[in-house]
Amino acid sequence: MINQEDFFKKIIAHAKEYGFVFQSSEIYDGLSAVYDYGQNGVELKNNIRNYWWKSMVQMHENIVGLDSAIFMHPTTWKASGHVDAFNDPLIDNKDSKKRYRADVLVEDHLAKIEGKINKEIEKAEKRFGDSFNREQFISTHPRVLGYNEQIADISKRLYGAMDNNDLSAIKQLIEDLEIVCPISGSRSWTEVRQFNLMFSTQIGATADGASHIFLRPETAQGIFVNYLNVQKSGRMKIPFGIAQTGKAFRNEIIARQFIFRMREFEQMEMQFFVRPGEEFKWYDYWKKERMNWHLSLGIPAQKYRFHDHEKLAHYANAAADIEFEFPFGFRELEGIHSRTDYDLAAHQQFSGKKLQYFDPEINESYVPYVVETSIGLDRMFLAMLSHAYHEEKLEDGSERVVLKLPAILAPYKVAILPLVKKDGLPEKAREILDTLKPDYMCHYEEKDAIGRRYRRHDAIGTPYCVTVDHQSLEDNTVTLRDRDSMMQERINIHELPGILHNRLRS
RNA sequence: GCGGGCAUGGCGCAGUGGUCAGCGCAUCAGUUUCCCAAACUGAGGGUCGUGGGUUCAAAUCCCAUUGCCCGCUCCA
């Protein structure tokens with residue numbers, strides 16, 4: 001049995017060897033955590049995206065699509081909270097190897113001093129009993145006064161440094177306060193560093209102060225800022241959803257595990273707008289709905305699990321992940337979040353534009369609540385690839401590598417193979433190719449022995465191989481070979497489109 | 001970001017200071033066979049991740065750097 005680590009390496013090697021995933025700029029030694037999709041990878045990725053789009057947009061009459069730009073007005077990210085939340089001064093303790101937010105360390109220190117003050121107050125309360133005057137005690141007791149002075153002094157330094165982005169001043173403050181690591185108890189700190197998780201670039205000829213813009217760190221905000229456009233122009237009635245797929249960018253501190261965490265990645269998101277108070281109903285609904293989507297691909301249920309968030313992000317009042325069992329364990333694949341009216345309310349405030357909905361049923365206007373489903377396309381790709389990868393030992397003792405991808409996701413649906421490349425078989429095979437090509441990604445191949453061609457298509461997950469042999473010329477039949485069972489059946493060429501149509505639906 | 005490991009043709013690997021750097025698979029051309037990685041003949045493909053250094057001599061030793069994997073960490 002191979003261990004998980006080796007298994008993962010095999011998948012990465014397979015992905016490269018068969019044109020699924022290449023490292024970006026490989027000839028220049030690559031770019032960390034950026035990958036390109038090759039000739040087969042792009043098909044698989046497109047198929048996943050289409051399958052999602054179809055199930056979300058085509059199959060729901062109250063969900064419509066959107067394709068918003070990657071560049072957005074910088075205020076978008078102030079309103080969303082990304083500018084603040086994605087700009088943390090971080091510091092590492094060299095002994096415990098733990099990383100902390102530098103400002104939080106100082107704030108914890110402040111809390112400790114406040115704790116001391118409270119102790120003094122408690123002590124005094126006990127001593128003086130009913131005659132205790134809290135205000136007077138605080139304003140006169142020398143030790144409490146000293147503590148309060150400390151707090152004021154530290155706060156001034158901290159927030160002054162934060163406002164000026166003065167990282168070395170924060171480091172100095174931590175040193176002066178002799179703050180120790182809660183884990184190692186040591187004062188061996190690295191420098192304070194700023195991690196900005198948003199990529200930025202410049203855009204010319206914009207309004208003052210807007211020339212510095214970000215690459216979006218999530219696609220959701222493009223939906224929120226277009227909420228009113230879509231609702232009005234589409235005459236959408238709540239509850240309704242807006243779906244979008246697209247690239248997002250995060251300058252991850254560490255981005256690793258192949259395409260699991262990339263700096264440039266693609267999201268498939270749907271924001272569902274609901275009446276306030278009904279968000280939990282819809283949250284539960286979409287949790288179930290999204291899990292069913294995953295299961296509809298025929299992946300065993302035990303590969304998936306929910307993970308309910310205990311600690312919620314600043315915008316959420318409920319959140320769960322759908323986790324998938326990747327080769328390196330269960331990890332987040334999709335998030336379902338109840339985002340409340342946080343985003344729309346923030347955009348309303350920052351833009352000064354009303355983002356409300358008049359609900360005729362209750363005769364009331366309100367800022368809708370939002371339930372979000374957000375899945376990483378690249379993660380879904382990796383999930384499918386790693387689940388599909390099998391090494392099989394055959395009855396004759398030989399081995400094969402086969403990608404048991406759901407047929408609907410496979411890069412090629414059908415390979416059309418003349419048994420030999422003479423006697424008119426290639427011509428016959430190309431006739432079949434021409435009839436199937438408009439409907440399916442097909443692959444024609446005449447080189448090498450038939451068994452080898454079957455194996456090549458096993459390795460990229462082609463669910464069916466059509467083989468043209470000498471009998472085909474006599475009675476117009478071909479063999480249809482199934483990827484997973486390797487079984488063959490002889491069918492009439494005229495039946496081929498119908499049979500493929502039925503079998504390739506899932 | 002810290003610690004550990006790794007980097008040699010497309011893939012998997014051998015080669016730990018000294019002949020022109022090899023092997024298997026794969027690729028290409030041809031012959032032959034034809035239903036599950038057949039055989040034969042021939043061919044192409046690597047300045048050993050990159051840059052320095054030590055040495056008469058470096059894939060091999062040292063330093064730096066880039067990338068990947070693992071652990072910690074982080075994760076909207």
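I will try to describe carefully the structure that is included in this document. (Residues numbered from 1 in each chain as written. Chains lettered and ligands numbered in written order. Predicted model: local features only at pLDDT ≥ 70, side-chain atom pairs only at ≥ 80, totals over all residues. Heavy atoms only, no water.)

Counting its regular elements, chain A contains 17 helices and 23 strands. Here the C-alpha radius of gyration of chain A, 30 Å, is well above what a compact globule of 506 residues would show, namely 23 Å. Here the C-alpha coordinates of chain A stretch approximately 110 × 60 × 50 Å along the principal axes. Buried positions account for 49% of the 506 residues belonging to chain A. In chain A, the share of contacts with a sequence separation of at least 24, taken over all contacts with a separation of at least 6, comes to 64%. (Helix = DSSP H or I, 4+ residues; strand = E, 2+ residues; numbered from the N terminus. Rg over C-alpha atoms; globule rule 2.2 N^0.38 Å. Buried < 20%, exposed > 50% of the residue type's maximum accessible area, 1.4 Å probe, protein only. Contact = heavy atoms within 4.5 Å.)

In this model, helix α5 (residues 102–128) (27 residues) spans 40 Å end to end at C-alpha, consistent with the 39 Å of a helix rising 1.5 Å per residue. What α5 keeps buried is the set Ala102, Asp103, Leu105, Val106, His109, Leu110, Ile113, Ile117, Glu120, Ile121 and Ala124. Of the residues one or two after α5, Gly129 is the one with positive phi, at around 65 degrees. (Expected span 1.5 Å × (residues − 1).)

Under the counting rule described, the total for this entry stands at 21 aromatic pairs. Both rings, one in Tyr51 and one in Trp293, keep their centres 5.5 Å apart while their planes meet at 40 degrees; by these two values the pair is tilted. Taken together, the positions of Tyr51 in helix α2 (residues 39–58) and Trp293 in helix α11 (residues 279–295) put the pair 242 residues apart, joining distant regions of the chain. Overall, Tyr51 belongs to the buried group, its relative accessible area being 18%. For Trp293, a relative accessible area of 5% corresponds to the buried category. Consider the rings of Tyr304 and Phe324, whose centres lie 5.2 Å apart with planes at 65 degrees: the pair is edge-to-face. Pair noted here: Tyr304 is in strand β11 (residues 304–308) and Phe324 is in strand β12 (residues 318–326), with a separation of 20 residues, a long-range link. For the pair Tyr304 and Phe324, one class covers both residues: buried. (Phe/Tyr/Trp six-rings, centres within 6.5 Å; stacked < 30°, edge-to-face > 60°.)

This part takes up the pattern of salt bridges. Taken as a whole and assessed by the stated rule, the structure comprises 27 salt bridges. Between Arg305 and Glu323 there is a salt bridge, and its shortest N-O distance comes to 2.7 Å. Separated by 18 residues along the polypeptide, Arg305 in strand β11 and Glu323 in strand β12 bring together distant segments of the chain. For Glu392, the salt bridge is made with Arg400, and the minimal N-O distance between the two is 2.8 Å. By relative accessible area, which is 3% here, Arg400 ends up buried. (Salt bridge = Lys/Arg side-chain N within 4 Å of Asp/Glu carboxyl O.)

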